[in-house]
Amino acid sequence: MDSEEEEIIDKPPRYMSKFRPQVVQEHKQRKSPMKTMGPLKVDAPSPDKFLKKHSKEPKLPGNTLVEGQRIHILRKPPVPGRKEKPIMGIQSGTNFIKSNTVVVPRTMYRAIQARSYKKKKDYGEMPLYLVKRKLECERVQEEYEEELRRQEAEASKHLSKEEKENILEGLKKNWSILHHEYQRLPFIICTMVRQKRKEELENQLDQLEKDISLLERFNTIYITD
């Protein structure tokens, strides 16, 4: 067998940055042991500076010095002691009798105005525009009621005894038919259709019972066309 000749490819030299030595040197300079754990030597805390009670609570401002002058914070006077005596003999120079006569109170001025208003001739009477409006409303209401009575008289007619008995018989017959259909419904209703039909039958039976009761109570009946 013929030996195959190996082809040798010459590769270009690997790229090296000219700043590589400088970067390596700077990286070495920035390195230090335990850099992320704080300084190597830390002063131990003094045993006198331990955390005391209420030391972190905000303190009220007291007397302070600003440019050599003491500023006093205004505070409420202290509560007098049990054995301290109150100061006696303090008098005011204001003449309250004279000031009250000169300055008329606001309530007195309103009372004077109210008394003068009550002396008017039309005090307590209804204004004229309200009287006219009331009369107009009464007139419109009377005309409306008269028109209703006229329409009812024209549209109604007297129901004879035979017609009344026939209507009663027909209503009772319809009631018995609906009542028979209502009794044929199952005891337990599971579908919406049957539930709706049951409600319709109940409403119709109630209306028929009201109509029958109305016809049986009155001897004279008027019906409208």
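Everything discussed here concerns the structure shown above.
The shown structure was predicted, so the numbers you read here are calculated from the model rather than taken from an experiment.

On a plain count of helices and strands, the protein comes out with six helices and four strands. Going from N to C terminus, the protein has its helices and strands arranged as α-β-β-α-α-α-β-α-α-β. Burial analysis of the protein (225 residues in total) assigns 5% to the buried set. Counted over contacts in the protein with a minimum sequence separation of 6, partners at least 24 positions apart contribute 55%. About 23,600 Å² of surface is accessible on the protein, with carbon and sulfur atoms providing 56% of the total.

Bringing the nonpolar core into the picture now. Leu 168, Leu 171, Leu 178, Leu 201, Leu 205, Leu 208, Ile 212 and Leu 215 together form the largest nonpolar core, which totals eight residues. If you list the elements that add at least two residues to this core, you get helix H5 (161-183) and helix H6 (192-217). Per element, the largest residue contribution to this core is five residues, and it comes from H6. Residues within four places of Leu 171 in sequence aside, it is in contact with Leu 208, Asp 211, Ile 212 and Leu 215.

What follows covers the packing of H5 against H6. Describing two packed helices takes the angle between their axes plus the distance from one axis to the other. Across the interface, H5 lies against H6 with an axial gap of 10 Å and an inter-helix angle of 155 degrees. Put simply, H5 runs roughly antiparallel to H6. Judged by the twist between their axes, the crossing of H5 over H6 is left-handed. For the pair H5 and H6, contact is made by Lys 164, Ile 167, Leu 168, Leu 171, Lys 172, Asn 174, Trp 175, Leu 178, His 179, Glu 181 and Tyr 182 and by Arg 197, Lys 198, Leu 201, Glu 202, Gln 204, Leu 205, Leu 208, Glu 209, Asp 211, Ile 212, Leu 215 and Glu 216, respectively. A per-class count over the contact of H5 with H6 returns 11 nonpolar, three polar and nine charged.

Thresholds applied
- Residues numbered from 1 in each chain as written.
- Predicted model: local features only at pLDDT ≥ 70, side-chain atom pairs only at ≥ 80, totals over all residues.
- Heavy atoms only, no water.
- Helix = DSSP H or I, 4+ residues; strand = E, 2+ residues; numbered from the N terminus.
- Buried < 20%, exposed > 50% of the residue type's maximum accessible area, 1.4 Å probe, protein only.
- Contact = heavy atoms within 4.5 Å.
- Areas by Shrake-Rupley, 256 points an atom, 1.4 Å probe, with all protein chains shown as cover.
- Core = buried A, V, L, I, M, F, W, Y, C linked by side-chain atoms within 4.5 Å.
- Axes fitted to C-alpha atoms, helices over the stretch in contact; angles between N-to-C directions.
- Parallel < 35°, antiparallel > 145°, perpendicular 65-115°, else oblique.
- Left-handed = near helix turned anticlockwise from the far one by under 90°.
- Nonpolar A, V, L, I, M, F, W, Y, C, P; charged D, E, K, R; others polar.

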